[in-house]
Amino acid sequence: SGEITKLENSGIFDVIGDFQAVGVGNYNGTIGNLTNRGVMNIESLSGNVWGIDNYSGEITKLENSGIFDVIGDSQAVGIGNYGEITENLINNGTMKIETNSGNLYGINTSEGNISGSLINNGIIETLNNDPNEMNGVGFSWILNNYKGTINDIINTGIVKGKGKFVLALQNDIGQIDTLENKGIFSVDAYYGGHGISNMEEGVIKNLINSGIIDVKSEESAAYGISSSYYSPGDTKDPINKLINRGIIKSVGDEDSFGIVNKEKDVNSYEELTNEGIVYSSSITVDWQGGDIATNNGLLIGDSSIFINNSNSINNGMMFSYDKGSQNYKIYGVKESSGNDNIVNATLLGEENKGNSSNWIATGSESIALNGENKENMIFNGITDTLKVSGENTLTDSKVNGYTSAIIFDDNGGKLTLNNSIINGGLDEVSATIYGRTGTDKADVR
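Residues numbered from 1 in each chain as written. Predicted model: local features only at pLDDT ≥ 70, side-chain atom pairs only at ≥ 80, totals over all residues. Heavy atoms only, no water.

Draft legend 1. Looking closely at the layout of surface pockets. The calculated volume of the largest pocket comes to roughly 470 Å³. The wall of the largest pocket is formed by 23 residues, among which Ser 210, Gly 211, Ile 421, Ile 422 and Asn 423 lie closest to the centre. For the lining of the largest pocket, the element with the highest residue contribution is strand β46 (residues 421–423), accounting for three residues. The residue makeup of the lining of the largest pocket, split by class, is six nonpolar, nine polar and eight charged. Looking at the second largest pocket, its volume works out to about 360 Å³. Taken together, 17 residues make up the lining of the second largest pocket; nearest its centre are Tyr 279, Tyr 321, Lys 323, Tyr 402 and Leu 426. Secondary structure elements with two or more residues in the lining of the second largest pocket: β25 (247–251), β28 (277–280) and β34 (317–322). Of the residues contributing to the lining of the second largest pocket, the split by class is seven nonpolar, five polar and five charged. (1 Å grid on protein atoms, 1.4 Å probe; cavity = no way out; pocket = protein on both sides within 12 Å on 5 of 7 lines; lining within 4 Å. Points joined across faces, edges and corners; volume = space filled by probe spheres on them. Helix = DSSP H or I, 4+ residues; strand = E, 2+ residues; numbered from the N terminus. Nonpolar A, V, L, I, M, F, W, Y, C, P; charged D, E, K, R; others polar.)

Structure follows, in C-alpha cells:
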C-alpha cells in the first residue's frame, strides 16, 4: 500500500522461486514510472511466475526497454495488469515467456484498465516447450484483454507464439477503441491458432492491419481475425470497422478462415474493407453478421467461398492456386476503367473466362510504371504485379501480388515509396520486391 515515484532497473533481477516467483509486485500500491532497461530473469520451478505483477495497484507509466526472460511451470506471465495503468504500457525491448505445459501470457490485462495505449515496438514471444503434451493445458495468450478497457493497442514490432493453443491477441468481454497492427503477429500452433480473436461481449471499435498476421495450426483450424460467441440482442458493435491493408494468412484444416464472424444473427458489424491480401487454406472471408464487405485487394483461398456476405463488393481479384497444374483458378476480377484508383492486372493464359467453376489462368501481366508519380492507388496482380522502369514515386498507395509485388525492368529503374504498402511473396518463394540489376533502387519514406 506504499508509494514509489520512480522505479527503474538498469541492472539484473535474478529470481528463482519454488512455488511462485515475482520480479516486481505492486499490491494496492502506487508507482509513478516503472522502467526496465536491464535484465529480468524470473523463474518458478513448480508454480506460477510473473515478471511484473500489478495485482490491484496503480502505475502511471510502465515501460520495458530491456530483456524479460520469464519461465514458469503451471503459469507464466510477462506483465500482468489487474489494476490501473493511467498512461501507457510500452515494450521496446525483448520479452520471452515460456513453460513446459502450463498457460502462458505475454501481457495480460485481466479486469484491469490501460487509460492510454498498449504499444509494442519490440519482441514479445511465448513458447510452450512441449505442445504435443496432451496432459498439459498449454494455452498461450501473447496479448490478452479480459474484461478490461484499453484505449489503443498499437503493434509495430513482433508478437509471436508457439505451442498447443496460441492466440496472438484476444479481447474477451473487454473494450478496445483502436487496435492497429503495423508489425507482425506470428502464430505457430499445434491444436488451434488465432491471430486476433474477439470473444463473448468484446468490443473493438476500429481494427486496422497494415502489417502481417500469419497463423498456422498443424492439427486444427487457423483463424487470422475472428469474432465469435457474441451475445445476440446486445446493442454493442463487436467490431465496428475492420480494414486490412497488409497480409492476413491462415493455414490449417478445412475449418480455417482468413477473417470470420461466426455469429450469424448479429447485424451490428458495420464495415469490412480489404485493400491488401487475405489468404486462407480454406475459406477466405466469412462476414455473415456484417453490413458490407468490400474487397479492393486480393482474396486467395482453397474454396469457392471467398466472401460470405450478402452485401459483398469485389473490386479486386479472387483466386486459388492449383499446385498440380500450376494454374490459378479465378473466381472474380473486376475490369478496371481508365479513371479507377484500383488497377487489376490483365490475366495471362486464360481459359473459360467468366465461368468461376473452371476459369483458369497461368498468371497475370505486369502493370507498367514508367517515369510516373502516382497517389492513392491500389495495384493488384497475381505474378509480378508492378514493373518499374525510369524514376517513379508511389504515395499513399498499395501494391499486392501473390508472387513478387514489384519487379524492375531489365534496364533498371528507381522507385520512391511514400507512406505506401507493398504486399507480396505469398508463394513463399518470390521476393516481395525483386531487383534485376545492381542499379535498381527502392527508397522507403
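Draft legend 2. Highlighting the pattern of salt bridges. This model, assessed by the stated rule, comprises nine salt bridges. The salt bridge involving Glu 8 is made with Arg 37; its shortest N-O contact spans 3.0 Å. Placement of the pair is Glu 8 in strand β1 (residues 3–9) and Arg 37 in the loop between β4 (30–36) and β5 (39–44), with a sequence separation of 29 residues. Classification of Glu 8 as partly exposed rests on a relative accessible area of 37%. Take Arg 37: its relative accessible area is 46%, and that puts it in the partly exposed class. A single network of salt bridges, built from pairs that share partners, joins Lys 6, Glu 8 and Arg 37. (Salt bridge = Lys/Arg side-chain N within 4 Å of Asp/Glu carboxyl O. Buried < 20%, exposed > 50% of the residue type's maximum accessible area, 1.4 Å probe, protein only.)

Draft legend 3. Geometry of the sheet that holds strand β36 (residues 342–344). Strands sit in the order β36-β42-β44-β46 across an open sheet of four strands; the sheet is parallel. Looking along the sheet, the strands with just one partner apiece sit at the ends: β36 and β46. Averaged over all pairs of adjacent strands, the angle between their axes in this sheet comes to 10 degrees, without regard to strand direction. Strand direction decides the pairing type here: strand β44 (residues 398–400) and β46, joined by three bridges, are parallel. Counterpart to Asn 400 in the pairing with β46 is Asn 423. (Pairing = 2+ DSSP bridges. Axes fitted to C-alpha atoms, helices over the stretch in contact; angles between N-to-C directions.)

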